[in-house]
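Examination of the molecular architecture
What follows is the residue order along each chain.
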Amino acid sequence: MSQQAWRAALAAHPAAIEALVVGASAGGVNALLAIFAGLQPGFGVPIVVVLHLPSKHRSSLAEVLGRRLGLPAKEADSGEQLQPGMIYFAAPGYHLSVEADRSLSFSREEPVYYSRPAIDFLFESAADVYGPALAGFLLTGANQDGAAGLAAIKQQGGFTVVQDPNEAHVPTMPMAALALQQPDVIAGLVEIRALLAELEATRTC
Amino acid sequence: MAPERTRDIELRLLIEAIYLKYNYDFRDYSGASLKRRVRHALVQLECQSISALQEKILYDAGAFMQLLQYLTIPVSEMFRDPDYFLALRQQVMPVLHTYPSLKIWIAGCSTGEEVYSMAILLKEEGLLERSIIYATDINPVSLERAERGIFAQDNMRAYTENYQAAGGRQALSDYYTAAYDGVIFDKSLRANVTFADHSLATDTVFAETHLVSCRNVLIYFNKPLQDRAFGLFHESLCHRGFLGLGGKESIDFSSYARSFETLCRPERIFRKL
Ligand SMILES: C[S@@+](CC[C@H](N)C(=O)[O-])C[C@H]1O[C@@H](n2cnc3c(N)ncnc32)[C@H](O)[C@@H]1O
C-alpha cells in the first residue's frame, strides 16, 4: 500500500486511537524491533503485545526489547492499569486480556492454536473495551491465531493493519487475517513503522 | 448504544440470575474471561443470545451445570510450574516436619491434578500419613473427577517431566496403573483427602490449616474478591502457616500484604506473620 493510501486510511478513521495491540509469531522479534524503532519515549498510547514463544521459559523479552529500543517495556502484571508510553508484553503460559476498566488480566484456559498467550484473547477483549479507539497490528507468524481477533477489532470499529504477506517472514498469519476480513491497511514493516509514529503523534492533538 | 454494550448488560443479568437462582457468585470475576467463556457456551448450548441462555439456565438446572463447566475453567496439570513444587519440597516441607499432624487446604483444586501432585510430594517427604488434605472447588463435576483420580494417558509424558523438574524421587509411573480409559492414581494417595464443595466467594473457613495452596484461581477474581479469599486463608492458617499461589498471583497489593512475609518470590510462597 502506498504512503498516500495508508495516510488517507488513517485520516479517515473516525476516532482518536487510545491503545494499540500487536500480535506476532514466528519472525516476530525482528518485526517488532522494526516497527517500534520509530517511537520516542513518551509515546501517547499504551501498546500491548502478544508474541508467541515457547512457554517453558521465564521470558526476558520485554527487558531485551526495551533495552534495544530504548523504550519503556515490561512484562504485563495481573491487574495493572494500562498507561500511555509503555509497551506491555504478555507473559508466557497465560492468556492476556484487557478489562473494562482498562486493566490487564490473565487466564490459564486452553491454548488457542497451540498458543498461550493467544493473540485472539488480547485482540477480542481489547476490541470490546476500546471499540473504534483501538488499533490492531497483525504481523508475521506461522499459524492462524489473531485472525479472528483482528476481525473483532474491525467489527467494533477499530483500525486494523496487516503486514504484507509478501514480505512477512512467515506469511501464514497475515494471510489467515486477510482471508477473514479486509483490513484498513496492508503494508510492509517500514510503512507500518511510519504509520505507528504518525498514529501515535496525531492522537495527542 | 453499541451492540457490545447491550451484550455487557445481558452478561451482567446472566451473572445476577445465576447468583439468585443457584447461589454461585460470579459477580466479582474479571469480565474479559467470563465474556469469552459465555461466548463459547452460547455455541455449545445452541443459544442465539446471552438473554436466551439466561432463560434456558433459569428453567433447566442441567443446562446450568453445563454452563458451569465453561465458567469454571477446569484446566489443570500435574506439578504445574515445577519450581513451585520444588520450593514446597525444599523450603516448606522441612518446616512442616516439625508438626505432629498437618492440615493442608487446596482451594480451587479443579479436576485433582494439584491434589495428587501434593499427595505425592507429601508421601516422598514422609508426611502423607500425618496429613489431612482438604481439596475444595465449586464445580461438582470437577470434584467428582478429582476423586476418581483418572487422568489421560497422553498427558503422562508431560507430567513426568514436570514431576522430575519438581525434584521427584521416583518414577511418576510408580504412582499409577493403566486403566481402561487412562491411568488411575494409587488410592492410598487420597486416603486422607476430603473433597468438598466450597466457594471462596460465598463460604466461610472450615478448618485450621498449616498450608494453603490456591493456584490459578485468584487470577479470575477482581480485587475485592481476592481480598475476601485472602481473608479466608489468613483466618484458616495457623501462626506461621504457608500460603502458595499461582505464578501470576500475589498478596502484595491486597489488604493482607502486611499480614504475610514472602518466602520465595518467583514461586509465590508466602508465610503468615
Ligand atoms: C484454572 S483452575 C486451577 C486448578 C489448579 N489449582 C491448578 O492450578 O492447576 C481454577 C479452578 O478454580 C475453581 N474456582 C472458581 N471459582 C471458585 C471459587 N469461588 N471458590 C473455589 N474455587 C473456585 C474452578 O472451579 C476451577 O476448578
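See the structure shown above.
Residues numbered from 1 in each chain as written. Chains lettered and ligands numbered in written order. Predicted model: local features only at pLDDT ≥ 70, side-chain atom pairs only at ≥ 80, totals over all residues. Heavy atoms only, no water.

Observations concerning the side chain of Ser236(B)
All names here are of chain B. Applicable threshold: In this description a helix means any DSSP run of H or I spanning at least four residues, a strand means any run of E spanning at least two, and both kinds are numbered starting from the N terminus. Categorising residues by exposure relies on relative accessible area from a 1.4 Å probe, with only protein chains included: less than 20% of the type maximum marks a residue as buried, more than 50% marks it as exposed, and the intermediate range marks it as partly exposed. For this analysis, residues touch if any pair of their heavy atoms sits within 4.5 Å.
Along the chain, the position of Ser236 falls in helix α9 (residues 223–236). The buried category is assigned to Ser236, whose relative accessible area is 1%. Not counting the four nearest positions on each side in its chain, Ser236 is found in contact with Trp105, Val205, Ala207, Glu208 and Thr209.

Quick notes on the nonpolar core
Our working rule: By convention a nonpolar core is built from buried Ala, Val, Leu, Ile, Met, Phe, Trp, Tyr and Cys residues, the set being connected through side-chain atoms within 4.5 Å.
Residues Phe26(B), Leu200(B), Phe233(B) and Leu243(B) are the most contacted members of the largest nonpolar core, which totals 80 residues. The biggest single contributor to this core is helix α4 (residues 119–130) of chain A, with seven residues. Grouped together as the second largest cluster of nonpolar side chains are 43 residues, Leu143(B), Leu172(B), Leu189(B) and Ile269(B) included.

Examining the pattern of salt bridges
Where we set the bar: Every case where a carboxyl oxygen of Asp or Glu lies within 4 Å of a side-chain nitrogen of Lys or Arg is listed as a salt bridge.
In the structure shown here, the tally under the stated rule is 27 salt bridges over all chains. For the salt bridge of Arg89(B) with Glu125(B), the shortest nitrogen-to-oxygen distance reads 2.7 Å. With a gap of 36 residues between them, Arg89(B) in helix α5 (residues 82–96) and Glu125(B) in the loop between α6 (113–124) and β2 (131–137) connect regions that are remote in the sequence. Among the ionic contacts, a cluster of salt bridges with common partners joins Glu124(A), Asp128(A), Glu4(B), Arg5(B), Arg7(B), Asp8(B), Lys35(B), Arg36(B) and Arg39(B).

Things to note about the site of the ligand
Residues and elements named next belong to chain B. The condition is simple: Residues are labelled near a given molecule or strand when at least one of their non-hydrogen atoms is within 4 Å of it. Contacts described as polar in this section are N or O atom pairs within 3.5 Å, which, within protein, must combine one atom able to donate a hydrogen with one able to accept it, while residues neighboring in sequence count only if both atoms come from side chains. Accessible surface area values rest on a Shrake-Rupley calculation with a 1.4 Å probe, where residue burial reflects the displayed protein chains alone. Space inside and on the surface of the protein is sampled on a 1 Å grid over the protein atoms alone, with a cavity defined as a set of points where a 1.4 Å probe fits but cannot get out and a pocket as an open set with protein on both sides within 12 Å along at least 5 of 7 lines; lining residues have an atom within 4 Å of a point. Molecules are considered to sit inside a cavity or pocket once more than half of their atoms lie within 2 Å of its grid points. Polarity classes work like this: nonpolar for Ala, Val, Leu, Ile, Met, Phe, Trp, Tyr, Cys and Pro, charged for Asp, Glu, Lys and Arg, and polar for all others, with Gly in that last group.
Near the ligand lie 20 residues; those nearest to it are Tyr29, Ser76, Arg80, Glu114 and Asp137. Contact between the ligand and Asp137: an oxygen atom at 2.5 Å from a side-chain N or O atom of the residue. Within the side chain of Asn216, a nitrogen or oxygen atom sits 2.8 Å from an oxygen atom of the ligand. Calculation on the ligand without its partners gives an accessible area of 600 Å², and the protein chains cover 98% of this total. If you map the ligand onto the pockets, it falls in the largest cavity. Here the shell around the ligand is built from residues that sort into eight nonpolar, eight polar and four charged.

As for the packing of aromatic side chains
Residue and element names in this part refer to chain B. What counts is decided by this rule: A pair of Phe, Tyr and Trp rings is counted when the ring centres sit within 6.5 Å of each other, with Trp represented by its six-membered ring. The angle between the planes then sorts it: under 30 degrees is stacked, over 60 is edge-to-face, the rest tilted. Our definition puts a charge over a ring when NZ of Lys or CZ of Arg is within 6 Å of the ring centre and also within 35 degrees of the ring normal.
Overall, the coordinates contain 17 aromatic pairs over all chains when judged by the stated rule. Ring centres 4.7 Å apart and planes at 65 degrees place the aromatic pair Phe26 and Tyr29 in the edge-to-face group. An aromatic cluster is built from Phe79, Tyr84, Phe85, Tyr163 and Tyr175, whose rings are joined through pairwise contacts. Residue placement shows Arg27 over the ring face of Tyr19; its charged tip is 3.8 Å from the ring centre. Positioned above the aromatic ring of Tyr84, the side-chain terminus of Arg215 is 3.8 Å from the ring centre.

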